[in-house]
Amino acid sequence: MSNGTLFDKVWDLHRVGTLPSGQTQLFIGLHLIHEVTSPQAFAMLRERNLKVLYPSRTVATVDHIVPTDNQARPFVDILAEEMMQALEKSCKDYGIRFYNIGSGDQGIVHAIAPEQGLTQPGMTIACGDSHTSTHGAFGAIAFGIGTSQVRDVLASQTLALSKLKVRRIEVNGQLRPGVYAKDVILHIIRKLGVKGGVGYAYEFAGTTLEAMSMEERMTICNMSIEGGARCGYVNPDRVTFDYLKGRDFAPKGENWDKAVSWWESLHSDADAVYDDVVIFDAGEISPTVTWGITPGQGIAVDETIPSLESFDLGDRDVATEAYRYMEFSPGTPIKGTKVDVCFIGSCTNGRLSDLREAAKFAQGRHVANGVKAFVVPASERIKKEAEAEGLDKIFQEAGFEWREAGCSMCLAMNPDKLQGNQISASSSNRNFKGRQGSSTGRTLLMSPAMVVAAAVKGEVTDIRELL
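Cut-offs applied
Residues numbered from 1 in each chain as written. Predicted model: local features only at pLDDT ≥ 70, side-chain atom pairs only at ≥ 80, totals over all residues. Heavy atoms only, no water. Helix = DSSP H or I, 4+ residues; strand = E, 2+ residues; numbered from the N terminus. Rg over C-alpha atoms; globule rule 2.2 N^0.38 Å. Buried < 20%, exposed > 50% of the residue type's maximum accessible area, 1.4 Å probe, protein only. Contact = heavy atoms within 4.5 Å. Areas by Shrake-Rupley, 256 points an atom, 1.4 Å probe, with all protein chains shown as cover. Axes fitted to C-alpha atoms, helices over the stretch in contact; angles between N-to-C directions. Parallel < 35°, antiparallel > 145°, perpendicular 65-115°, else oblique. Left-handed = near helix turned anticlockwise from the far one by under 90°.

(A) Quick peek at the overall build of the protein chain. For the protein chain, the helix and strand inventory stands at 16 helices and 19 strands. Since a compact globule built from 467 residues should have a radius of gyration of about 23 Å, the 21 Å found for the protein chain is in line with a globular shape. Counting across all 467 residues of the protein chain, residues that qualify as buried make up 60%. Once local pairs closer than 6 in sequence are excluded, the contacts in the protein chain between residues at least 24 apart make up 75%. Accessible surface, the protein chain: about 17700 Å² in total, of which carbon and sulfur atoms supply 50%.

In structure tokens:
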């Protein structure tokens, strides 16, 4: 296993064989499922009279469609209720561990697996959700998959995949005040493009990443997919091990020491060969806001919306459509843009450290008139921990709504939706057209702290003015 990247090592350890197509048949150590992409997969199993091969390697929760205010069953949304019932039945029929609403462990699938220690270094992880790349923060190789692949993993615990190239993305130096992990990943995607990572796994490294907490690393890896990469990861280190120690599913006793020693061996070798290396200076990164309709259309909060001429020829059609859809003109400052809705949450930025940081700026301030602002913890555990620290009171006193755990207005497959052409300041991961539930709604992505600044000022604001 010498001279390899972590990606190479983990891939080779999980290779079952090479298929006639040339693809690798890869064993999947942990399969995470939720209510949206699993019902059809289970239906396909039943049609073929297939079993779930290793039910103990699959863990289920509900997140996308759950209401975050009134969670009484049956849900008002009939389709959402049907999805819930389908997952409940399938988990019961096939003996799959299921974290339902009110269990104390329900939440966004990419929040509950790390907090329980299900996500560990050296694993292969799959889930029918594009932001599965989040788990790479632990030194795992984690893929978002489609519904037919969910079926394949349930039935065979393997996937047919083509091996990726590996790009090392180094970020070095200290981040300036008011700059967060969210700004780092938005900056990387802005520079490399939304298609820059196609065919690659991204290895995030450098002194900036080494100084980050696990939750910050999860934010970085979460949005790898928005840069076109199939997965993103960080080499496991002491930060990783300290986070995992003592968690529900983490190894215990002497098994812990053995696990750490094995995890350390997976680290990319000093002389590992990469297909590409890109280096960023942390000191050049500013609080970042998206202005367009892809996560790559971002600018520093003190910049103006770029001119058409500043884009490569291949990107000009998307830029033109972004000006039209967002109703923005080139040369306009993004700062000062009025906002209608402010959302803190999602698998990108709904963890405890995100809520703590946002609460710092909410304390002693109040949401501006006419702005709807709400906070959605990523899991029931995070909600409970935040309430134990009094964060819920800080938010409520500042005029924010405090909600139950779920995906909420990240993708609006639930009652949390934009209306008309409202503008949302959002800590989530996608600003696609219609993403937040209105076909004309407009999304500006930013860090949770920046969302609070927008909420209290009623417009896009430089968080550094509140420091």
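(B) A look at the packing of helix α2 (residues 39-48) against helix α3 (residues 78-94). Running from N to C, α2 and α3 cross one another at 45°; their axes reach a closest spacing of 10 Å. Taken together, the axis directions place α2 and α3 in an arrangement best described as oblique. α2 and α3 meet at a crossing whose hand is left-handed. Contact residues: Pro-39, Phe-42, Leu-45 and Arg-46 in α2; Ala-86, Leu-87, Lys-89, Ser-90, Asp-93 and Tyr-94 in α3.

(C) Spatial organisation of unusual backbone geometry. With omega at -10°, the peptide bond leading from Arg-73 into Pro-74 counts as cis. Checked against the element boundaries, Pro-74 lands in the loop between β4 (58-61) and α3. In this structure, Gln-157 is a non-glycine residue whose phi angle is positive, near 60°. Secondary-structure assignment places Gln-157 in the loop between α5 (147-156) and β8 (158-161).

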